[in-house]
Each structure stands twice: as structure tokens, then as C-alpha cells.
Amino acid sequence: MRRQFSNAPHHQASSMARRSPVKRTSLLSPSCYWTLTFSKGLGSLVVEELSEKGIRIASQLIDDEEISFSGAQASGSKLVTIRTASALFRGIILPIDRPRGITSYEYRKAMGLLFEDVSRITPLTTFKGMRLEGAGKETATFKKLGAFFQELTSCPYRPDDPNADLVIRIRRPLREQGWEILVRATPRPLATRPWRESNFRGALAGPLAAAMVRLGRPHKRDLVLNLPCGSGTILGELLEMGHVGRLIGLDISEYALAAARANTTSCPPSRAVHLVRGDLCQLPFPDKLASLVISDPPWGESMGNRRDAKILCAPMLREMDRVLTDNGRLVIISPHDEQLQRAAQPFFTLERSLRVFQRGFHPYISVFRKKRPIIGGANAS
């Protein structure tokens, strides 16, 4: 049974219910397969990236937070470049009743091949330690599994070390009987950006920033404004994507601008990003300067308060309309969707909306198009 992507709110069942075994003819077991995890709402963009990179998915299982697919034609070196995904795993499902069956002699070769596939992406000697994730990880069975995996990989089993970076998940499969073993293919999750030198409170997660950039469809002719830029997460994604024109980031905080400067400077390819201090409600830019604005305004959680964040919507959008060229695009993320839509109506036409997830919040990424001027009259705004 396959689940289709939807932007409707997701009501998550308990993990036990979601992992209840369901009998079916497996397309994935007993062969190894890939699993990409992602934040809720980003699945369609992950599939879009896979298609753009020429990765054919022979058979796929889609859930609200992950996609699994078989086929050796899916190159691991390409998969680690999927920017809207959170992590990449190599997995296998064994037809066993209990996790201790993983150590059975008949599955030793299959498990060895699983780790060989991971080593083609990240040599096993690169990992600093191993830890297991799953219900019962404190039991004697999991200690036995740790020793078994250590023997196979020569990577030390360190169950209590949060820095152990060879992560192995053991769980019930979503749609069939047996037990599933997932090995993360990289020491860091894909969501962790190596160029981030300075962390910033309330910073947008890398995959969400990548999603906003993709939805904005930037190109070389664009002058892109990032309002506000915070610590430069969106600017970093724009830089890594390439194929963009001039980049300008604005923030009212000198601390945020310093963080953005540090992060964008270390982000390859190195290129100039113009950073400006200013107010969202009084932008220091001329009319019709930018063809694309990408915005992650304050939510009133990590910074400020919710009341001020909601009040900000109208004057902020009025200024964004002013600095955008005719037919310009605006991509904005906010949990205050109702207020945002109402404030945007005089200036913009909504083209797309995605409900996503970030640290306990379910904001919307909205894509707007600036309304065309009324011929023979005043501007639609």
C-alpha cells in the first residue's frame, strides 16, 4: 500500500501503531535499499530532487517523513546531495521474529553487504563510534547486537556516547513482518550544513531553507533579497544552489549579520553577498529592486512575541511589494498563516502553500506572485 503526498495537516498515529507489521509481498526485502528521511511536508520536493538528479526509483514506499526505494541504480554519491532531505540510510528487512535473530549465521553475509554499501559512501574507519537506536536499546539483546555490529565493522560500540556517529536504527517495518535495520550512511545528518560556522537562536533548519529556495526558482537574472537574513541559512542555500544573480541579506541585528557573514564566507562557492542592516518595515532599498524575496520573519517564539510578529505582517508585506519588480516572487515561512494571507491579499496572489514542520511548530511556506498593476489606474496595492 502506497501513501500519496498531501499538504493537508497530518495527524500522526502512535509509533507503535505506525510500525505494526502488515503482511504483503515485499518489494524491498531481503535486498538492501535506500531510505531518505525528511520533515513533514517536504516529501514532494525530495522526489523532485531525486528526479532532477536522474535517480530512477524502481519501487518506492512513501510515508509522511521518509521514502524508501530499491535499485542499485540509485547512486549513493548523488543521494547525499539531496538538500531537502534530513538523513540517508541504507536498510534491510530480515524475516525474523525478534531482534536477536539479526546475529544469526544465515544473515551474516547480508549484514556484511549492508555495511559494505555504507562504506562506499563513508569509509567505516571514518566513524568515531557506533550507537543503536530503537525500543529496548538498554536490554541485553541490544548489547549483544552492538558487539555483533562492532565485529562486522571494527567500529567501537559506544551506546552512551552522543557523539557516536555510526547510527543504526532497529525497528519494526512499516508495512510488513520482520525487523528492519537502517544504517545512516553519513557521520552527520544531511540536514547538517558543514559550512555553518556560527549557530543562531531560532535559525531555520537547512532542509526547510533549501525547500524555500527551490520553491522560489531563482535564476541568474534575479536579484534576490533575503529579508531578514538571520544567520544566513537561506543565503547559504542560495550560494550552494548556484545559478543565481546578486544576493542581498538584511537584518536589524548586528549579531545576526555577523553570524551571516561568517556562514556565507565559509560556504562554497565563495562569492560576495551584500549584507545590510535595516528594518523590515522600512527597507533601505529603492522601488522595484528585486525580482525575488525569500523571507523567514520572526515568529514571536525565539525572538520577540507572537503579538508583535502578527502585527508585523501588514507593514512588512507592503514594503516587500514596494521593492519587488512587477510580477516578482515572494517565498515566506510563518506559523501565522491566517494573518499573513489576509495581509498579503492586497499585494500578492498566492500560488502555492506547504505546511511543514520545525522544532515542534507547523509553519506554512507560502509562494506569492506580485499582483500586476491595473492598466489605466492605480497599482493593485
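Analysis parameters
- Residues numbered from 1 in each chain as written.
- Predicted model: local features only at pLDDT ≥ 70, side-chain atom pairs only at ≥ 80, totals over all residues.
- Heavy atoms only, no water.
- Buried < 20%, exposed > 50% of the residue type's maximum accessible area, 1.4 Å probe, protein only.
- Helix = DSSP H or I, 4+ residues; strand = E, 2+ residues; numbered from the N terminus.
- Pairing = 2+ DSSP bridges.
- Phe/Tyr/Trp six-rings, centres within 6.5 Å; stacked < 30°, edge-to-face > 60°.
- Lys NZ or Arg CZ within 6 Å of the ring centre and 35° of its normal.
- Polar contact = N/O pair within 3.5 Å; in protein donor to acceptor, adjacent residues only side chain to side chain.
- Contact = heavy atoms within 4.5 Å.
- Axes fitted to C-alpha atoms, helices over the stretch in contact; angles between N-to-C directions.
- Parallel < 35°, antiparallel > 145°, perpendicular 65-115°, else oblique.
- Left-handed = near helix turned anticlockwise from the far one by under 90°.
- Nonpolar A, V, L, I, M, F, W, Y, C, P; charged D, E, K, R; others polar.
- Right-handed = clockwise from strand over helix to strand, strands pointing away.
- Expected span 1.5 Å × (residues − 1).
- Arc of directions from axis to C-beta.

Undergrad: An account of the pairing of strand 7 (residues 179-184) is needed here, citing residue identities and associated values.
TA: Burial of strand 7 is extensive: 6 of the 6 residues sit out of reach of the surface. Residues W179, I181 and V183 of strand 7 are buried on one face, and the alternating residues E180, L182 and R184, pointing to the opposite face, are buried as well. Bridging between strand 4 (residues 87-94) and strand 7 involves 6 bridges; their strand directions are antiparallel. Bridged to R90 within strand 7 is V183. As judged from the 4 bridges shared by strand 6 (residues 166-171) and strand 7, these two strands associate in the antiparallel manner. Along strand 7, the bridge assignment pairs R169 with L182.

Undergrad: Let's hear about the packing of aromatic side chains: which residues, and what values?
TA: The tally for this structure, following the rule as stated, stands at 4 aromatic pairs. With 5.7 Å between their ring centres and 50° between their planes, F148 and F149 make a pair best called tilted. Where F348 meets F368, the ring centres are 5.9 Å apart and the plane angle is 50°; that geometry is what we call tilted. Remark: F368 occurs in strand 14 (residues 364-370) and F348 occurs in strand 13 (residues 348-355); sequence separation between them is 20 residues. Summarising the burial analysis for this pair, F348 and F368 share the class buried. Pairwise contacts between aromatic rings join F115, F148 and F149 into one cluster. The lysine or arginine in question, K40, covers the ring of F357, its NZ or CZ lying 5.6 Å from the ring centre. Across the ring face of W34, the terminal group of R90 is positioned such that the distance to the ring centre comes to 4.3 Å.

Undergrad: Give me the side chain of D117: which residues, what numbers.
TA: Note that D117 resides in helix 4 (residues 108-121). The exposure class assigned to D117 is buried, which follows from its relative accessible area of 15%. Polar side-chain contacts of D117 include one of 3.0 Å to the side chain of R90. A polar atom in the side chain of D117 sits 2.6 Å from the side chain of R120. Contacts of D117, omitting those with residues within four sequence positions, involve C32 and R90.

Undergrad: Summarise the packing of helix 6 (residues 206-216) against helix 7 (residues 233-241); cite the residues concerned and give the values.
TA: Helix packing geometry: the angle between the two helix axes and the distance between the axes. Interaxial distance between helix 6 and helix 7 falls to 9 Å at its minimum, and their mutual angle equals 60°. Taken together, helix 6 and helix 7 sit at an angle that is classed as oblique. Considering the relative orientation of helix 6 and helix 7, their crossing is right-handed. Across the interface between the two elements, G206, A209, A210, M212, V213 and R214 from helix 6 touch T233, I234, E237, L238 and M241 from helix 7. Broken down by class, the residue content of the contact of helix 6 with helix 7 amounts to 7 nonpolar, 2 polar and 2 charged.

Undergrad: Can you lay out the pairing of strand 9 (residues 246-251) for me, pointing to particular residues and giving the numbers?
TA: Counting buried positions along strand 9 yields 5 of 6 residues, so the element is predominantly enclosed. Direction of pairing for strand 8 (residues 223-226) relative to strand 9: parallel, over a ladder of 4 bridges. Along strand 9, the bridge assignment pairs L223 with R246. For the crossover that starts at strand 8, traverses helix 7 and ends in the parallel strand 9, the hand is right-handed.

Undergrad: Lay out helix 5 (residues 140-153) with the relevant residues and their values.
TA: Its 14 residues place the ends of helix 5 20 Å apart at the C-alpha level, agreeing with the 20 Å of an ideal helix rising 1.5 Å per residue. When helix 5 is considered as a whole, its buried residues turn out to be F142, L145, G146, F148, F149 and T153. All buried residues of helix 5 lie within an arc of 165° about the axis, which places them on one face of the element. Projecting away from the buried face of helix 5 at angles above 90 degrees are the exposed residues A140, K143 and E151.

Undergrad: Quick one: what's the story with unusual backbone geometry, residue by residue and with numbers?
TA: The linkage connecting L227 with the following residue, P228, adopts the cis geometry, with an omega of -15°. In this fold, P228 is placed in the loop between strand 8 and helix 7. In the Ramachandran plot, S154 falls in the positive-phi region, its phi being about 65° despite a non-glycine side chain. The residue S154 is located in the loop between helix 5 and strand 6 in this model. Relative accessible area serves as the criterion here: at 66%, S154 is assigned to the exposed category.

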